[in-house]
Structure formats: structure tokens, C-alpha cells
Amino acid sequence: MRSSQEEFENAVNRVKLLKKDPGNEVKLKLYALYKQATEGPCNMPKPGVFDFINKAKWDAWNALGSMPKETARQSYVDLVSSLSSSSMSSSQVKPGADRKQQEYENLVVTSEDGITKIMLNRPTKKNAINTQMYQEIILALKAASKDNSVLTVLTGNGDYYCSGNDLTDFSGITAGEIEEKVKNNLDMLRVFVNSFIDFPKPLIAVVNGPAVGIAVTILGLCDAVYASDRATFHTPFSHLGLSPEGCSSYTFPKIMGPAKAIEMLVFGKKLTAEEACARGLVTEVFPDNTFQKQVWARLKAYSEFPANSIRISKQVIRNMEKEKLYAVNAEECSVLQERLLSNECINAAVNFLSRKAKL
Ligand SMILES: CCCCCCCCCCCCC/C=C/C(=O)SCCNC(=O)CCNC(=O)[C@H](O)C(C)(C)COP(=O)(O)OP(=O)(O)OC[C@H]1O[C@@H](n2cnc3c(N)ncnc32)[C@H](O)[C@@H]1OP(=O)(O)O
């Protein structure tokens with residue numbers, strides 16, 4: 001659809017009425033599109049390196065190359081429309097309320113004040129992760145990596161953070177289906193863990209309650225772990241006939257030393273929040289009655305840092321181990337494939353399903 005000169009001029013006026021500052025990155029994009037739409041390709045002399053502001057503006061405009069004026073006009077109108085609608089909806093939303101994102105069955109995803117929050121939402125099942133929830137978390141992380149938030153939070157709804165893999169995944173499977181089901185689920189698990197390895201922005205776990213299994217192991221791939229003092233951390237893999245996943249066979253020895261990692265991953269020692277903090281798995285523990293208030297005040301402050309700088313800094317720190325982590329994840333999934341088909345695992349799952357064995 002071609003945008004008329006009048007639409008373009010309206011958009012220029014609407015920019016001045018935006019309620020929320022769209023941030024430097026977007027303002028540079030608006031500047032560049034405006035210049036391209038009104039003057040064509042960049043015709044200003046390249047500023048000196050220390051003339052930071054004009055250099056940034058020159059870079060943004062010059063990056064548009066020979067984009068036709070009409071295309072720049074249309075892109076400008078589209079960008080302002082997207083900003084106006086988000087600015088309008090946020091102004092319409094009650095203060096403190098979160099703007100809901102795409103609808104998910106097992107998650108509530110909201111994005112506000114530069115923070116995208118992914119909340120596990122199966123509280124009646126202690127936020128156990130079933131096949132659909134794995135897939136939804138993969139999608140939610142992908143969306144969060146591309147939205148205009150500065151950082152992303154993973155947390156749980158209800159009294160649990162997450163009770164790990166949904167053990168009822170094991171029910172209703174015939175002997176003939178089990179191999180294919182296990183292979184498909186492990187392919188999904190590998191993609192799920194890779195989503196954490198690849199996540200480009202700071203990913204903060206806000207552990208609001210007990211965490212079990214994969215919910216604990218994946219914390220080694222998060223960039224900060226803030227826990228309520230009522231949270232516990234339990235990886236009962238041997239009890240379940242399973243083996244470590246989420247790259248924990250590499251990250252846990254690295255974080256807490258091999259002996260303490262084995263105590264958790266092999267012998268199933270359940271840790272309090274303080275113990276997990278002492279081992280370096282948890283970054284900081286907060287009293288439960290002030291947990292949400294304190295943590296969200298902290299995260300709000302973090303979200304006001306320059307987005308590119310914290311994204312790039314996280315990547316500088318994490319990128320050097322990516323290849324190693326992909327390899328660890330693949331090896332763990334390969335070992336799990338044998339484990340899931342073992343009598344030890346199937347018996348443990350049957351025990352849970354029949355007696356709901358408490359760990
Ligand atoms: C062989 C076929 C293969 C199928 C393919 C599947 C493979 C998928 C990929 C492989 C992934 C492996 C990597 C992941 C590993 C793990 O995460 S291991 C850890 C798994 N989790 C557990 O073992 C915890 C099991 N739950 C419990 O021990 C207890 O429920 C609890 C968490 C200690 C809480 O106890 P309590 O407070 O007494 O509450 P409950 O009444 O037990 O629970 C309330 C309801 O929630 C349900 N529930 C809780 N946890 C889970 C769970 N993990 N899976 C499914 N359902 C769970 C519980 O059954 C209750 O439900 P209702 O009875 O309907 O009320």
C-alpha cells in the first residue's frame with residue numbers, strides 16, 4: 001500500500017505525541033527514514049569518530065543506501081503506527097498491569113518496561129513441563145529474543161517454580177510407540193536446551209518456589225538466578241532412572257565443583273535456596289515475603305541499561321562456550337535416550353503414576 005504525503009506528515013506529527021520514549025535505536029531508525037523519505041540517499045559529510053551523535057545519525061541514514069523515497073516514507077509510517085499502537089495500549093493499560101503477548105496454553109507471557117516475563121502456568125500440576133509446554137517455551141524464547149525488551153525473565157505461577165518434566169508424559173504409551181515417542185521428545189529436548197544456549201539477551205530465573213529436574217539443570221544456562229528463601233533445588237535423576245540434562249553435566253561441575261555436582265545430579269541431594277546460593281547455582285536469595293518486590297525493583301533498574309551494551313556483553317561472555325554446550329547437550333540427550341527406555345526409568349515413572357511417589 002503506498003503511503004500518501006499526507007499520511008507521512010501525520011506520522012511525523014504523531015511521533016511528537018508518543019507517550020513513551022521509544023529508545024535511541026528506534027529514534028535513529030526514525031531519523032534515517034525521515035531523511036531518506038525527504039532528501040533521498042545520505043548526502044551529509046561523514047562526521048568525525050568523536051562526534052558520536054552525528055556519527056550515529058550518519059551511520060543510520062547511510063545504512064539505508066539507495067532506498068527509494070516512497071519506500072522510506074512507507075517504512076516511516078509503518079514504524080510510527082507500531083509505536084503509536086504500543087504507546088497507546090500501554091497508556092490505556094492500568095499502571096502496573098502487564099501487556100499480554102501471544103496467547104499460550106501453559107504460559108503467561110507479558111512484556112512491560114523493557115522486561116519480557118515468561119511465566120510457567122500449570123500451577124495445579126506444580127508447573128510440570130509437558131510436551132506442549134516445552135514447545136511453547138521454545139516459541140516464547142524465540143519471540144523474546146526478537147522483541148524490544150532489554151531482558152527476559154523465567155518464573156513460575158503458584159507455589160512451585162517448576163516440578164520438572166511431566167511424568168504423565170509416560171502414560172498411555174504402548175510398547176510399540178515408546179521408541180519413537182522417546183526419540184521425538186528428545187529431539188524436542190535438545191532444541192529446548194539449545195534455545196537457552198542461544199538466547200541473546202540476559203535471561204533471569206526468578207525462582208518463586210521449589211524447582212525439580214530440568215527446571216534446576218537449565219539454571220546453569222541462565223544469566224542470573226534470584227530465589228525466594230522457600231525455593232528448593234532437586235535433581236532426582238538416579239531415583240528416576242534418568243541422567244543429567246540441560247548441560248548440567250558440564251555447567252554444574254564448573255559452577256560448584258565435581259563433588260558437589262555429583263552430590264546433586266547423581267545422589268539427588270535436595271538443596272535449600274541458601275545451599276544452592278553457597279554453591280553458586282543461585283545468585284541471590286530473598287525473604288519470600290519481600291521477594292517479588294525486591295527482585296522486580298532490581299530487574300526494572302537493569303532494564304534501563306543500554307540494550308545493545310548488555311546484550312553484547314552477555315554474548316561476549318557466553319559465546320566462547322556455545323560450541324561446547326551444543327556438544328554437551330547432544331551427548332546428554334543421547335544418553336537420556338537409552339535411559340528413558342530402561343526398566344529403571346519406566347518403573348520409576350509407573351511408580352509415580354500409580355503412587356505419585358513423593359521425592
Ligand atoms: C518412557 C516414555 C517416555 C516419554 C517421553 C518423555 C520424555 C520427555 C523428555 C525427557 C526429559 C527428561 C529431562 C527432565 C527430567 C526431569 O525433570 S526429572 C524430574 C521430574 N519431576 C519429578 O520427578 C517430580 C514429581 N513430582 C513430585 O515428586 C511431587 O508432585 C512434588 C513435586 C514433590 C510435589 O508434591 P506435593 O506437594 O505432594 O504435590 P502433588 O500432589 O504430588 O502434586 C500436585 C499435582 O501436580 C502433579 N505433578 C507434580 N509434579 C508433576 C510432574 N513432574 N509431572 C506430572 N505431574 C506432576 C501431581 O501428580 C498432582 O496432580 P493431581 O494428582 O492431578 O492433583
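Calculation criteria
Along each chain, numbering runs from 1 in the same order as the chain's sequence is written. The predicted nature of this model means local features are confined to residues of pLDDT at least 70 and side-chain atom pairs, given and counted, to a pLDDT of 80 or more, with totals for whole chains, interfaces and linings taken over all residues. Here the side-chain values reflect all heavy atoms present in the structure, with hydrogen atoms and water set aside. Runs of E in the DSSP output that reach at least two residues are strands. Runs of H or I that reach at least four are helices, and both are numbered from the N terminus. Accessible area is worked out with a 1.4 Å probe on protein chains only. A residue is then buried under 20% of its type maximum, exposed over 50%, and partly exposed in between. Two residues form a contact once any of their heavy atoms are found within 4.5 Å. Accessible surface is estimated by sampling points in the Shrake-Rupley manner with a 1.4 Å probe; for residues, cover comes only from the protein chains shown. When charges are counted, neither His nor the chain ends are considered; positive counts come from Lys and Arg and negative counts from Asp and Glu. For charged residues, the charge sits on one atom: NZ in Lys, CZ in Arg, CG in Asp, CD in Glu. Stacked, tilted and edge-to-face pairs are distinguished by plane angle, under 30 degrees for stacked and over 60 for edge-to-face with tilted covering the rest, among Phe, Tyr and Trp rings (Trp via its six-membered ring) whose centres lie within 6.5 Å. Any Lys NZ or Arg CZ that is within 6 Å of a ring centre and within 35 degrees of that ring's normal is treated as a charge sitting over the ring. For the purposes of this description, domain bounds are those given by an automatic or database domain assignment. Here the nonpolar core consists of buried residues drawn from Ala, Val, Leu, Ile, Met, Phe, Trp, Tyr and Cys, with membership extended through side-chain atoms lying within 4.5 Å. When a carboxyl oxygen of Asp or Glu is within 4 Å of a side-chain nitrogen of Lys or Arg, the pair counts as a salt bridge.

A. Inspection of the overall build of the protein chain at higher detail. Looking only at helices and strands, one finds 14 helices and 9 strands in the protein chain. Taking all 359 residues of the protein chain together, 45% fall into the buried category. Partitioning the contacts of the protein chain with sequence separation of at least 6, the portion at a separation of at least 24 is 73%. About 18100 Å² of surface is accessible on the protein chain, with carbon and sulfur atoms providing 56% of the total. Averaged over its 44 positive side-chain charges, the protein chain has a centre that lies 3 Å from the centre of its 40 negative ones.

B. Seen up close, the packing of aromatic side chains. Applying the stated criterion to the full structure yields 8 aromatic pairs. Ring centres of Tyr-134 and Phe-192 lie 4.9 Å apart, and the angle between their planes is 90°; this geometry places the pair in the edge-to-face category. Within this pair, whereas Tyr-134 is found in helix α5 (residues 131-146), its partner Phe-192 is found in helix α6 (residues 178-198), the two being separated by 58 residues in sequence. Residue class for Tyr-134 comes out buried when judged on its relative accessible area of 3%. Judged by its relative accessible area of 3%, Phe-192 falls in the buried class. Aromatic rings pair up to connect Phe-8, Tyr-34 and Tyr-76 into one cluster. If you follow Lys-57 out to its NZ or CZ, it ends over the ring of Tyr-31, 4.9 Å from the centre. Positioned over the ring face of Tyr-226 is Arg-298, at 5.3 Å from the centre of the ring.

C. Examining the domain arrangement of the protein chain more closely. On domain assignment, one finds that the protein chain holds domain 1 (5-84) and domain 2 (107-166 + 176-325). When each unit is reduced to the centre of its C-alpha atoms, the spacing between domain 1 and domain 2 is 38 Å.

D. Focus on the nonpolar core. Grouped together as the largest cluster of nonpolar side chains are 63 residues, with contacts concentrated most on Phe-192, Val-207 and Phe-233. In terms of nonpolar packing, the next biggest core, distinct from the first, is built from 14 residues, Ala-11, Val-12, Val-26 and Val-77 among them.

E. Representation of the pattern of salt bridges. Scanning all chains against the criterion turns up 15 salt bridges. In this structure, Asp-223 and Arg-318 form a salt bridge, with 2.9 Å as the shortest nitrogen-oxygen distance. With a gap of 95 residues between them, Asp-223 in the loop between α7 (214-217) and β6 (224-228) and Arg-318 in helix α12 (residues 307-319) connect regions that are remote in the sequence. In this structure Arg-318 comes out as partly exposed when scored by relative accessible area, which is 26%. One continuous salt-bridge network, built from bridges that share partners, spans Asp-223, Lys-314 and Arg-318.

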